[in-house]
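# Geometric and topological summary
Chain by chain, the residues:
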Amino acid sequence: MARERTTHRCEQCGSHAPRWTGRCPHCGAWNALREERLSPPPPGGMPEPVVLAAVGAQGGDPRPTGIGELDRALGGGLVPGSVTLVAGEPGIGKSTLLLQVAAALAAAGARVLLVSAEESAEQIRRRADRIGAPVGQMSLLATTSLTGAAAAVAHHRPELVVVDSVQTLADPALGAAGSVAQVRACAEAFVALAKQHDIATLLVGHVTKEGTLAGPRVLEHLVDTVCSFEGDRHHAVRVLAVVKHRFGPSGELGVFAMGERGLESVADASAYMLADRRPGAPGTIVAPVLEGRRPLLVEIQALVARSVLGTPRRVAQGIVPGRLALLLAVLERHAGCALGTMDVFASAVGGVRVHEPATDLAVGCALASAALGIAVPDDLVACGEVGLGGEVRQVAHLERRLAEAARRGFRRALVPCGAPTAPAGIEAVRVGDLAEAVATLR
Ligand code: TYD
Ligand code: MG
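## Focus on the overall build of the protein chain
For the protein chain, the helix and strand inventory stands at 10 helices and 21 strands. Dimensions of the protein chain, computed from C-alpha atoms along their principal axes, come out at roughly 85 × 55 × 50 Å. Going through the 442 residues of the protein chain one by one, you find that 49% of them count as buried. Sequence separation of 24 or more characterises 66% of the internal contacts of the protein chain that already satisfy a separation of 6 or more. Approximately 20,900 Å² of the protein chain is accessible, and the part contributed by carbon and sulfur atoms is 53%. Once the 44 positive and 43 negative side-chain charges of the protein chain are each reduced to a mean point, those two points are 2 Å apart.

This is the structure in structure tokens:
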């Protein structure tokens, strides 16, 4: 008789090891390896390859959900048989978004099943009423049993399944809910059902505050699409970024605003982000940032005030603190703008986080503008990375960024010397270093 094939899987990181050891060779967790049986080779022996040219390419067309920004981010909508993971911090609005998607598709006549292991049927009904979602014929299953939920899906074979969340559904045979083994089992079960019955499936996954996908990270390779739902809970803006996509380009982005009646698609995100802007005040400038593939105009603000503290405060909101420190040093050393005794506050307005070094020039200009008490002209944006020597460096996709600025009525842009020709409607003001940029403000 053939020996049974086994492996050892780590409960912490999900990796495999050929034999048991006290410590996982991948993540170093102690006593986390569990023996698992591998499925035996198929009884029929060798599987038969197919000629690729003879395989039909039809099917797999995305079905619009009617939620504009979700459809935009996913390249048209949800593909039948595809599995999409929507990952985000607790409270960011995942359940709200997916309830809206489920309701929209149900209202369009699709058979929809919402599996909730977090909220009761009554809670979901109240939320649907609150946001005015037409629940139509949508079915709901409030359960924490993975096997029960999977059986219901296999029986009813809906066109859309929403699972909220992979961390709270559990199979009692696999131990505590939320463990890596449980989260994987949950995803594997719904992936198998999706492929077998051609069900578009949306899985909710919670991530921790630090931004690591605790649990969901081990799912990234199991699912077809991974969306990260982000935002600042104290602001209305929510961004759905598609970080992996088997059915279209990744890097696409949907922008929403959380309001009294759920999430609203924000088609013109730049207009929305600049709605409250008060031009003409010192310390503010607009930066064309690129979120994924989508250009977005973000207001950068700075405030400089004499410090009463021994160590002046440096507060960065939505801006990388290290970049702020660097720009303050460059302003002092290379642009004659010493802020060493001042408290400095800098922020990207609207609860967005800008990680790109391409916003350096705008942050530098906002700081200088605040320090000098001179307003940046209304029609000016700034885009460039600033190096340690104060030099302004190239950024990717400058044309796309400037075209967006031109569309919103900006007429001039501070850009690096080597920048390509500016698109129609906006003039490139080339600057070699931050000092030159500051000089244009004086
Ligand atoms: P929720 O979808 O429950 O978040 P998640 O599933 O990601 O944990 O959203 C919760 C937050 O959204 C909650 O703080 C209340 C807020 N909210 C609104 O502001 N407006 C609304 O219409 C709804 C339904 C929720
Ligand atoms: Mg939720």
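## Some remarks on empty space enclosed by the protein
Going through the model one piece at a time under the given rule, you end up with three cavities of 30 Å³ or more. Here the largest cavity is characterised by a volume of approximately 80 Å³. Lining the largest cavity, in full, are Ser 95, Leu 98, Leu 99, Leu 114, Ser 116, Glu 119, Ile 124, Arg 127, Val 162 and Asp 164. Elements with a minimum of two residues in the lining of the largest cavity: helix 2 (94-107), strand 5 (112-116), helix 3 (121-131) and strand 7 (160-164). For the lining of the largest cavity, the leading source of residues is helix 2, giving three residues. Its residues assigned to classes, the lining of the largest cavity comprises five nonpolar, two polar and three charged. Of the pockets and cavities examined, the second largest cavity occupies roughly 40 Å³. Around the second largest cavity, the lining residues are Ile 319, Val 320, Arg 323, Leu 327, Val 354, His 355, Glu 356, Thr 359, Asp 360 and Val 363. Residue assignment for the lining of the second largest cavity shows that the elements contributing at least two residues are helix 7 (321-334) and helix 8 (360-372).

## Regarding a nonpolar patch on the surface
Residues Val 50, Leu 52 and Val 55 make up a contiguous nonpolar surface patch of about 330 Å² in total accessible area. Leu 52 gets classed as exposed once you look at its relative accessible area, which sits at 71%.

## Some details on the packing of aromatic side chains
Overall, the coordinates contain one aromatic pair when judged by the stated rule. Summarising the aromatic geometry, the rings of Phe 229 and Phe 256 are spaced 6.1 Å apart at their centres and angled 85° between planes, so their arrangement reads as edge-to-face. Of this pair, Phe 229 sits in strand 9 (residues 225-231) while Phe 256 sits in strand 11 (residues 253-259); the two residues are 27 residues apart in sequence, bridging distant segments of the chain. In terms of burial, Phe 229 and Phe 256 fall into one category: buried.

## Notes on the environment of His 234
Inspection of the secondary structure puts His 234 in the loop between strand 9 and strand 10 (237-245). When the C-alpha atoms of His 234 and Gly 350 are compared, they prove to be 9.4 Å apart, with 116 residues separating the residues in sequence.

## Quick look at the site of ligand 1
Close to ligand 1 lie 16 residues; Gly 91, Ser 95, Thr 96, Gly 259 and Gly 262 are nearest. Thr 96 places a polar side-chain atom, nitrogen or oxygen, 2.6 Å from an oxygen atom of ligand 1. One of the backbone N or O atoms of Gly 259 is found 2.6 Å from a nitrogen atom in ligand 1. Contact with the protein chains hides 76% of the accessible area of ligand 1, taken as 560 Å² for the molecule alone.

## A short note on the sheet that holds strand 5
In sheet architecture, strand pairing relies on hydrogen bonds along the backbone and comes in two forms, parallel and antiparallel. What the nine strands build is an open sheet, ordered 6-5-7-8-4-9-10-11-12; its pairing is mixed. The strands lining the two open edges of the sheet, one partner per strand, are strand 6 (139-142) and strand 12 (262-265). On average, adjacent strands in this sheet sit at an angle of 25° to one another, irrespective of strand direction. Where strand 4 (residues 83-88) and strand 8 (residues 200-206) come together, six bridges link them in parallel fashion. Along strand 8, the bridge assignment pairs Val 83 with Thr 201. The strands touched by helix 2 are strand 4, strand 5, strand 7, strand 8, strand 9, strand 10, strand 11 and strand 12; relative to strand 8, the strand with the most contacts, the crossing angle is about 165°.

Cut-offs applied
- Residues numbered from 1 in each chain as written.
- Chains lettered and ligands numbered in written order.
- Predicted model: local features only at pLDDT ≥ 70, side-chain atom pairs only at ≥ 80, totals over all residues.
- Heavy atoms only, no water.
- Helix = DSSP H or I, 4+ residues; strand = E, 2+ residues; numbered from the N terminus.
- Buried < 20%, exposed > 50% of the residue type's maximum accessible area, 1.4 Å probe, protein only.
- Contact = heavy atoms within 4.5 Å.
- Areas by Shrake-Rupley, 256 points an atom, 1.4 Å probe, with all protein chains shown as cover.
- Lys, Arg positive; Asp, Glu negative; His and termini not counted.
- Charge placed at Lys NZ, Arg CZ, Asp CG, Glu CD.
- 1 Å grid on protein atoms, 1.4 Å probe; cavity = no way out; pocket = protein on both sides within 12 Å on 5 of 7 lines; lining within 4 Å.
- Points joined across faces, edges and corners; volume = space filled by probe spheres on them.
- Nonpolar A, V, L, I, M, F, W, Y, C, P; charged D, E, K, R; others polar.
- Patch = residues over 30% accessible without salt bridge, like charges linked within 9 Å, V, L, I, M, F, W, Y side chains within 5 Å.
- Salt bridge = Lys/Arg side-chain N within 4 Å of Asp/Glu carboxyl O.
- Phe/Tyr/Trp six-rings, centres within 6.5 Å; stacked < 30°, edge-to-face > 60°.
- Near = heavy atom within 4 Å.
- Polar contact = N/O pair within 3.5 Å; in protein donor to acceptor, adjacent residues only side chain to side chain.
- Pairing = 2+ DSSP bridges.
- Axes fitted to C-alpha atoms, helices over the stretch in contact; angles between N-to-C directions.

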